[in-house]
Amino acid sequence: MKTVQEAAKQISDAERILIVCHVSPDGDAIGSMLGLGLTLSEAQKRVILCCADPVPSQYRYLPHWETIARSCSERCDLLVTLDCSDLDRLGAVYDPSTLHDVPIVNIDHHTTNVEFGDVNWVEPEAAATAQMLVRLVHGLGISLNADIATCLLTGILTDTLGFRTSATTPEVMETAIQLMKAGASLPELTDRIFGRRPMRTIEMWATTLQNLHLEGHILWTEITQRMRRRIGYQENGDAGLANFLSTANEADIAIIFDEQQDGQVNVSMRCVPGYDVSQVAFDLGGGGHAQAAGCTLSGPLEGARTRVLSMLQKSWSMQNSSR
Ligand code: 5GP
Ligand code: MN
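Every value quoted in this text rests on a predicted model; they were computed, and no experiment measured them.

Chemist: Before we move on, can you summarise the overall build of the chain with the specific residues and values?
Modeler: Tallying secondary structure elements over the chain gives 12 helices and 11 strands in all. For the chain, the C-alpha radius of gyration of 19 Å lies close to 20 Å, the compact-globule estimate for 323 residues. The principal-axis extents of the C-alpha atoms in the chain amount to approximately 55 × 45 × 45 Å. Per-residue burial for the chain yields a buried fraction of 51% across its 323 residues. Residue pairs in contact within the chain that sit at least 24 positions apart in sequence constitute 66% of those at least 6 positions apart. Of the roughly 14,500 Å² of accessible surface on the chain, a fraction of 50% belongs to carbon and sulfur atoms. Each charge class in the chain can be summarised by its mean position, and for the 25 positive and 39 negative side chains these summaries are 5 Å apart.

Chemist: An account of the sheet that holds strand β10 (residues 287-288) is requested, with residue identities and associated values reported.
Modeler: Judged by pairing direction, the sheet is mixed, and its 6 strands sit side by side in the order β6-β7-β8-β9-β11-β10 without closing on themselves. Two strands in the sheet have a free side with no partner beyond their single neighbour: β6 (213-215) and β10. Where strand β8 (residues 253-259) meets strand β9 (residues 265-271), 7 bridges bridge the pair, whose relative direction is antiparallel. The partner of I253 across the bridge, within β9, is C271. Contacting β6, β7 (218-223), β8, β9 and β11 (292-297), helix α12 (residues 301-321) crosses the sheet at an angle of about 165° to β8.

Chemist: Can you explain the domain arrangement of the chain? Please cite residues and give values.
Modeler: A common measure of how large an interface is: the accessible area buried when the components associate. The domains assigned to the chain are domain 1 (4-194) and domain 2 (199-321). Taking only C-alpha atoms into account, the centre of domain 1 sits 26 Å from that of domain 2. Taken together, the contact between domain 1 and domain 2 spans 13 residues of the former and 13 residues of the latter. Roughly 860 Å² of surface becomes buried between domain 1 and domain 2 when both sides are summed, with 48% attributable to carbon and sulfur atoms. Summed over the shared surface of domain 1 and domain 2, the result is 0 salt bridges. Inspection of the domain 1/domain 2 interface yields 4 residue pairs in polar contact (both at pLDDT 80 or more). Here the side of domain 1 that touches domain 2 is built from residues that sort into 4 nonpolar, 7 polar and 2 charged.

Chemist: An account of the site of ligand 1 is requested, with residue identities and associated values reported.
Modeler: Around ligand 1, 15 residues are found, and the nearest of them are S85, R89, H110, S268 and R270. Separating a nitrogen atom of ligand 1 from a side-chain N or O atom of D86 is a distance of 3.3 Å. Note that an oxygen atom of ligand 1 is positioned 2.9 Å from one of the side-chain N or O atoms of R89. Considered on its own, ligand 1 offers 500 Å² of accessible surface; in the complex 81% of this is hidden by protein. Broken down by element, the shell around ligand 1 gets its largest block of residues, 5 residues, from β11. Here the residues of the shell around ligand 1 sort into 3 nonpolar, 9 polar and 3 charged.

Chemist: Any chance you could break down a nonpolar patch on the surface for me, citing the residues and the numbers?
Modeler: There is a patch of nonpolar side chains on the surface, built from L209, L212 and F244 and spanning about 240 Å² of accessible area. Take L212: its relative accessible area is 40%, and that puts it in the partly exposed class.

Chemist: Account for the environment of V272, naming residues and giving values.
Modeler: Tracing the sequence through the fold places V272 in the loop between β9 and α11 (278-283). Accessibility expressed as a relative area gives 24% for V272, which makes it partly exposed. Each C-alpha atom of the pair V272 and T247 lies 8.5 Å from the other, and the pair is 25 residues apart in sequence.

Chemist: Which residues make up helix α4 (residues 129-139), and what values do they have?
Modeler: In terms of burial, α4 is a largely internal element, 8 of the 11 residues being buried. Count one or two residues on from α4 and you reach G141, which has phi positive near 75°.

Chemist: Tell me about the pairing of strand β4 (residues 104-108), residues and numbers included.
Modeler: Of all 5 residues in β4, 5 are buried, a share of seventy percent or more. Of the two faces of β4, the one holding I104, N106 and D108 and the one holding V105 and I107 are both buried throughout. Bridge count between strand β3 (residues 78-82) and β4: 4 bridges; the pairing is parallel. Among the inter-strand pairings, L79 is bridged to a residue of β4, identified as I104. Judged from the 4 bridges that link them, β4 and strand β5 (residues 119-122) form a sheet pairing that is parallel. Looking across to β5, one finds that N106 is bridged to N120.

About the cut-offs
- Residues numbered from 1 in each chain as written.
- Chains lettered and ligands numbered in written order.
- Predicted model: local features only at pLDDT ≥ 70, side-chain atom pairs only at ≥ 80, totals over all residues.
- Heavy atoms only, no water.
- Helix = DSSP H or I, 4+ residues; strand = E, 2+ residues; numbered from the N terminus.
- Rg over C-alpha atoms; globule rule 2.2 N^0.38 Å.
- Buried < 20%, exposed > 50% of the residue type's maximum accessible area, 1.4 Å probe, protein only.
- Contact = heavy atoms within 4.5 Å.
- Areas by Shrake-Rupley, 256 points an atom, 1.4 Å probe, with all protein chains shown as cover.
- Lys, Arg positive; Asp, Glu negative; His and termini not counted.
- Charge placed at Lys NZ, Arg CZ, Asp CG, Glu CD.
- Pairing = 2+ DSSP bridges.
- Axes fitted to C-alpha atoms, helices over the stretch in contact; angles between N-to-C directions.
- Domains from an automatic or database assignment.
- Buried area = accessible area lost by both parts, 1.4 Å probe.
- Salt bridge = Lys/Arg side-chain N within 4 Å of Asp/Glu carboxyl O.
- Polar contact = N/O pair within 3.5 Å; in protein donor to acceptor, adjacent residues only side chain to side chain.
- Nonpolar A, V, L, I, M, F, W, Y, C, P; charged D, E, K, R; others polar.
- Near = heavy atom within 4 Å.
- Patch = residues over 30% accessible without salt bridge, like charges linked within 9 Å, V, L, I, M, F, W, Y side chains within 5 Å.

Right under this line is the structure:
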């Protein structure tokens, strides 16, 4: 494991830096990418920001979100990956034919990170990649400004579910205070991230919640392409539904099976503290954190569901017997 100093040195030595986050980006991915991008622009670097999937509409309040490209053909001398536990998570943005000789600084907080970079600064105990980046901004000698702070506090808020996860330490709260003092508005960001959503999202939730399945201690539901077309819901992801399902008293594990346009199935897994879903997600080619993980499987939906449910049932039994 490498440290913030090594990441800062690689970045300081580079001139043209490509920053990439994971497909189906969340607030930590987008907030971290913009926060670091703005920091490096302050440091007079040429910065290219890239994500294979569009910026979700929910995060289009972030400063300069429209500078995030979907692909990059420009030559760069350093690739910084943010919030990605493996290279596949970069999606089509990672083109080995152009990027194979470009050094990689891998900055992440997923417990399943496979350390694919030349520098791997991976802190599984960090609440968010954005939390780690606040230290990098200081390490680079750049002062936090309101835009950088807004992006980074967005990342911390999203991944801690508003300072509610077990990763929320006093250090996280101290970082949040720093970001607020630099100009980020906690109430405004909290409202944007958790307090407002398109009505279509609520309609999508209403439809999927009519079809809940509790098998043992696993609660699951699915989002099909048919449902998406009928409701007109085309956003990536479940907009927080997996987190909501995991609040059911009866369930230790909650799962959403989300059928994609190309027939693949995105699987979102959640569990209560004391259990771990990241190992099953990793064994299925994905990854994540103990309490929140995911993977993408080939369809059809029914086959993917049977496979995941059977593995999670086994994993739950084993974890339960060793408690
Ligand atoms: P979500 O269910 O919110 O999409 O993802 C939960 C966590 O698992 C996030 O930290 C996310 O980065 C990770 N995750 C979700 N899907 C995948 C995947 O296909 N591969 C990897 N490596 N991580 C994933
Ligand atoms: Mn994250």
